[in-house]
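The primary structure of each chain is shown beneath.
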Amino acid sequence: MAVRLDGLIMRKSFFSGTTGIFSLFFIPYLITIVFNGVESTLVNRKFDMEMILPVIVASQIGETYELETIKAQTIIARSNFCRKIQEQDSFSKVLNEIRNEVKGKSLYLAVSQEKYEKAVTDTEGMVMTWDGELKQVPYHELSAGQTRDGREVFHSEEEDYLKSVQSSVDKESKNYLNSVYINQKILPKELNVKERDSAGYVTELLADGKTLEGESFRKGMGLTSANFTIQNIGNQVRFLCKGRGHGMGFSQYGGNELAKNSNSAEEILAYYFPSMEIQEITEIF
């Protein structure tokens with residue numbers, strides 16, 4: 001079904017079905033955005049979201065993943081891009097955000113591999129919506145065995161579209177458990193888990209009597225996940241973490257295992273986002 005979403009338009013990518021031409025034309029465009037800034041790019045070129053999507057997706061997921069997994073990530077990336085445009089109504093601001101996200105990451109895969117281009121062309125125009133609206137579609141590398149419930153995490157009905165689902169296959173990953181050791185001197189004297197959500201992720205800690213938010217703490221401490229336990233070992237504190245990332249939405253590892261079992265990108269996304277649906281944007285910005 002093709003639908004219009006508040007004036008957002010997708011037009012057929014100039015690069016559809018052109019694997020060789022893709023590298024020749026896309027590299028200068030990409031380099032201009034990443035290294036020279038957005039304004040100089042928009043002056044000389046008409047913006048085409050589909051043209052820049054391959055490099056966005058390449059910065060979010062590696063080429064070793066199954067094609068259907070990369071296609072699922074592409075639909076997520078397109079959805080989040082469109083939502084930003086819809087909310088900010090500014091190409092320049094959104095592209096600058098993307099530039100900052102991509103800059104410093106390897107661009108080799110984006111301009112040398114056909115896998116990302118195929119993922120974009122195969123899913124052209126496809127976005128995820130909730131009740132016909134574009135929403136933030138989160139993803140992470142590896143869950144702790146169950147993804148998190150948006151309403152529970154954010155205490156808001158606005159995130160009710162993010163449902164918790166089982167992703168127990170994630171426990172089979174070699175990266176499932178990660179230990180981080182931090183010197184006790186740089187931590188509060190008393191540090192204890194105060195509350196966890198239903199997926200086991202720490203939502204609040206008590207640090208010398210003060211309450212800290214779990215996800216902010218894990219980012220500040222460089223922990224791989226907020227699903228952790230705390231153990232004192234000598235003059236160090238060991239944080240044993242399960243999974244990698246915030247644990248909400250799409251588990252790339254779990255999705256990849258579904259892809260290996262012949263599930264399509266649409267089926268993978270339907271599993272991780274049971275309340276959302278895939279729609280097609282057919283009109284131009």
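Residues numbered from 1 in each chain as written. Predicted model: local features only at pLDDT ≥ 70, side-chain atom pairs only at ≥ 80, totals over all residues. Heavy atoms only, no water.

**Some thoughts on the environment of Lys219**
Phase 1: The topology assignment puts Lys219 in helix 9 (residues 214-221).
Phase 2: In sequence terms Lys219 and His246 are 27 residues apart; their C-alpha atoms lie 9.5 Å from each other. (Helix = DSSP H or I, 4+ residues; strand = E, 2+ residues; numbered from the N terminus.)

**Here's the deal with the sheet that holds strand 7 (residues 202-207)**
Whenever strands of a sheet pair, they do so through backbone hydrogen bonds, lying parallel or antiparallel.
Phase 1: Spatially, 6-7-8 is the arrangement adopted by the three strands of the open sheet, whose pairing is antiparallel. A strand with exactly one partner marks an edge of an open sheet, and here the two such strands are strand 6 (191-196) and strand 8 (210-213). Averaged over all adjacent pairs, the angle separating strand axes in this sheet is 30°, with direction ignored.
Phase 2: Examined bridge by bridge, strand 6 and strand 7 share five bridges and lie antiparallel to one another. Following the sheet pairing, Val193 is matched in strand 7 by Leu205. (Pairing = 2+ DSSP bridges. Axes fitted to C-alpha atoms, helices over the stretch in contact; angles between N-to-C directions.)

**Side note on helix 7 (residues 114-122)**
Phase 1: The set of residues buried in helix 7 consists of Tyr116, Glu117, Ala119 and Val120. Down the axis of helix 7, the buried set is contained in an arc of 160°. They therefore lie on one face. (Buried < 20%, exposed > 50% of the residue type's maximum accessible area, 1.4 Å probe, protein only. Arc of directions from axis to C-beta.)

**Let's talk about unusual backbone geometry**
Phase 1: A positive phi angle, near 55°, is found at His155, a position not held by glycine.
Phase 2: When its relative accessible area of 70% is taken as the criterion, His155 is described as exposed.
Phase 3: One non-glycine residue, Ser262, lies in positive phi territory at about 75°.
Phase 4: Structurally, Ser262 can be placed in the loop between helix 10 (252-260) and helix 11 (265-272).

**Observations concerning the packing of aromatic side chains**
Phase 1: Considering all chains together, one arrives at six aromatic pairs under this definition.
Phase 2: Aromatic pair Phe217 and Phe239: ring centres 5.9 Å apart, planes at 50°, arrangement tilted. Residue Phe217 is located in helix 9, and its partner Phe239 is located in strand 10 (residues 236-242); the two are separated by 22 residues in the primary sequence.
Phase 3: The exposure class of Phe217 is buried, given its relative accessible area of 8%.
Phase 4: According to the relative accessible area criterion, Phe239 is buried, its value standing at 0%.
Phase 5: Relative to Phe239, the ring of Phe228 lies with its centre 5.6 Å away and its plane at 80°, an arrangement referred to as edge-to-face. Here the residue Phe228 occupies a position in strand 9 (residues 228-233), and Phe239 occupies one in strand 10, the gap between them amounting to eleven residues.
Phase 6: When its relative accessible area of 0% is taken as the criterion, Phe228 is described as buried. (Phe/Tyr/Trp six-rings, centres within 6.5 Å; stacked < 30°, edge-to-face > 60°.)

**Observations concerning the sheet that holds strand 9**
Phase 1: Spatial ordering of the open sheet is given by 5-10-9, a layout of three strands whose pairing is antiparallel. Only two strands of the sheet have a single neighbouring strand rather than two, namely strand 5 (177-183) and strand 9. On average, each strand axis in the sheet is tilted by 25° relative to the strand beside it, whichever way the strands run.
Phase 2: Of the strand pairs in this sheet, strand 9 and strand 10 are connected by six bridges, and their pairing is antiparallel. Paired with Phe228 across the two strands is Cys241, which belongs to strand 10.

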